[in-house]
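Letter by letter, the chains look like this.
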Amino acid sequence: MDGFFTTLEDLNSAFDLLVGYWWIYIPLLLFFGLVGAYQNYTRTLYIAGLKWLILEIKVPKDPGRSPKGTEQIFTALHGIMPPPLKGFRKWKETFWKGKVADWLSFETVGIGGDIHFYVRMAEQYRKLVESQIYAQYPDTELTEVEDYVRELPVGLPDADNDLWGADFILNKPDSFPIRTYPEFEEKPGALTDVKRIDPLSSLSEVLSSLDPGEYIGIQLIIRPVGDDWIKKGQVEIDKILGKTPKIGEDFITKAVWEIDKYIPGYVEPKKDEKKDEKPQLTPGKTDVLKAIEHGFTKLGFQSTVRFLYAAPKERFHRPHISGVIGAYKQFASPALNGFKLNGATMPIGKWPFKKQQEYHKKIQLLQKFRNRSFGAKSFVLNTEELATVFHFPDIGIKTPLLPRVEAKKGESPGGLPIG
């Protein structure tokens, strides 16, 4: 009971403080609220003015490259990251013009058993994307196509058609890597005798098993980021090493603390003078540290992975959903990281408005899928991780309806960079 009354007294004190000094806090909060609202408005206008196009990618029958080739593509595409802006120019571009970092979407789609690969980009990046894909896979065919999402039934979901899907998120902070493609390679003996297990083979089987009218789309939405994610990852390393992590404060938090200093009765918080103790590193922790530090050697991209399954209700097979989820379970490493569904994005409702909630969540899911918008819980994947979850299947995948280029139709453009 003593603890209860102590908590009650603390709440009363906080309430009294808010009532007595509201004229200090409220204007500050209103100002930042207005600034945020205007910035969202300018960003919406900027994004609405972008022109998009979609290229379909038809890979050769034998690409002749491991996912390393796709990793090189992602590495080169990190170049779309704009140079850092400072001072008034940064304020002008980001606040007044609403400019944001551009993004791309790499998509694997199954339509009635046919499998397609697409990349969606802003029009200005077409030549860059084409040149980098041709550089790694010279025999690939790239064709501009209409947005395949338009082929979905109008009014979906409706009385005859249904959909389901969700965003994937990570089990742990994004500094912990997922299981990547080098770990799917078997090396039985000689250096040249390498057997590759393509982690996308199970996903290809799911997509090729769809009946006419069934549709599964998986989007990998990415945009390059700087090294801030590495700095945050250092906090996780410090935790493993037993060090006290240094956590920075945002501008609003700092402003509130500064205001508090001028309020009567303010007491300076005591600093923890406890010294960091060095724990004993087990072999498992050592391996985790090595994996995290290896990930830091790669370039990072803010990422969202989203999937959508749609079909007529009489052909709606929930095992296909389980198949997609199971395919992404392959990338899990218990000691490191893995994918799971973001429950907030799943079209699931609760009583008493279960059906209404499910319907609105399905509409939101379809809208985000159509717009290729980032999820609320996006995360950072490095180029090696991106090439693991999206790459062009090798000849070992025997899916009959996987589109292949049977013969080379012409030489790729000259002067292309070679990875």
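Remember, predicted model here, so these are calculated numbers, not experimental data.

**Some points on the environment of Thr286**
Residue position: Thr286 is located in helix H9 (residues 283–295). The class for Thr286 is partly exposed, based on a relative accessible area of 27%. Residues Thr286 and Leu241 lie 45 residues apart in sequence; the distance between their C-alpha atoms is 9.7 Å.

**Focus: a nonpolar patch on the surface**
Together, Tyr38, Tyr41, Leu45 and Trp96 line one region of the surface with nonpolar side chains, adding up to about 440 Å² of accessible area. Top contributing element to the nonpolar patch by residue count: helix H2 (residues 22–48), with three residues. Examined against the element boundaries, Tyr41 turns out to sit in helix H2.

**Overview of the packing of aromatic side chains**
Each aromatic ring pair is characterised by the separation of its centres together with the angle its planes make. In this structure the tally under the stated criterion is 21 aromatic pairs. Both rings, one in Phe184 and one in Phe331, keep their centres 6.4 Å apart while their planes meet at 75°; by these two values the pair is edge-to-face. Residue Phe184 is located in the loop between strand S5 (161–170) and strand S6 (185–186), and its partner Phe331 is located in the loop between helix H10 (318–329) and strand S10 (339–341); the two are separated by 147 residues in the primary sequence. Take Phe184: its relative accessible area is 5%, and that puts it in the buried class. Sitting over the ring of Trp52, Arg120 keeps its end group 4.1 Å from the ring centre. Above the plane of the ring of Phe176 lies Lys172, whose end atom (NZ or CZ) is 5.5 Å from the centre.

**Re the nonpolar core**
Among the nonpolar cores identified, the biggest contains 58 residues, and Phe307, Val324, Tyr328 and Phe339 are the most heavily contacted of them. Setting aside residues no more than four positions away along its own chain, Phe339 makes contact with Phe168, Ile169, Leu170, Asn171, Ile178, Val305, Tyr328, Lys329, Phe331, Phe379, Leu381 and Val389. Core analysis: the second largest hydrophobic core is formed by 14 residues, Tyr118, Val149, Leu156 and Ala310 among them.

**So, the side chain of Arg223**
With respect to the secondary-structure elements, Arg223 resides in strand S8 (residues 215–224). Within the buried core, Arg223 has no salt-bridge partner, and the shortest N-O distance to an opposite charge, that of Asp102, equals 7.5 Å. A distance of 3.3 Å separates the side chain of Arg223 from the backbone oxygen of Ala101, its partner in a polar contact. Not counting residues up to four positions away in its chain, the partners in contact with Arg223 are Val100, Ala101, Asp102, Trp103, Phe301, Gln302 and Phe374.

Each value, and the rule that gives it
- Residues numbered from 1 in each chain as written.
- Predicted model: local features only at pLDDT ≥ 70, side-chain atom pairs only at ≥ 80, totals over all residues.
- Heavy atoms only, no water.
- Helix = DSSP H or I, 4+ residues; strand = E, 2+ residues; numbered from the N terminus.
- Buried < 20%, exposed > 50% of the residue type's maximum accessible area, 1.4 Å probe, protein only.
- Patch = residues over 30% accessible without salt bridge, like charges linked within 9 Å, V, L, I, M, F, W, Y side chains within 5 Å.
- Areas by Shrake-Rupley, 256 points an atom, 1.4 Å probe, with all protein chains shown as cover.
- Salt bridge = Lys/Arg side-chain N within 4 Å of Asp/Glu carboxyl O.
- Phe/Tyr/Trp six-rings, centres within 6.5 Å; stacked < 30°, edge-to-face > 60°.
- Lys NZ or Arg CZ within 6 Å of the ring centre and 35° of its normal.
- Core = buried A, V, L, I, M, F, W, Y, C linked by side-chain atoms within 4.5 Å.
- Contact = heavy atoms within 4.5 Å.
- Lys, Arg positive; Asp, Glu negative; His and termini not counted.
- Polar contact = N/O pair within 3.5 Å; in protein donor to acceptor, adjacent residues only side chain to side chain.

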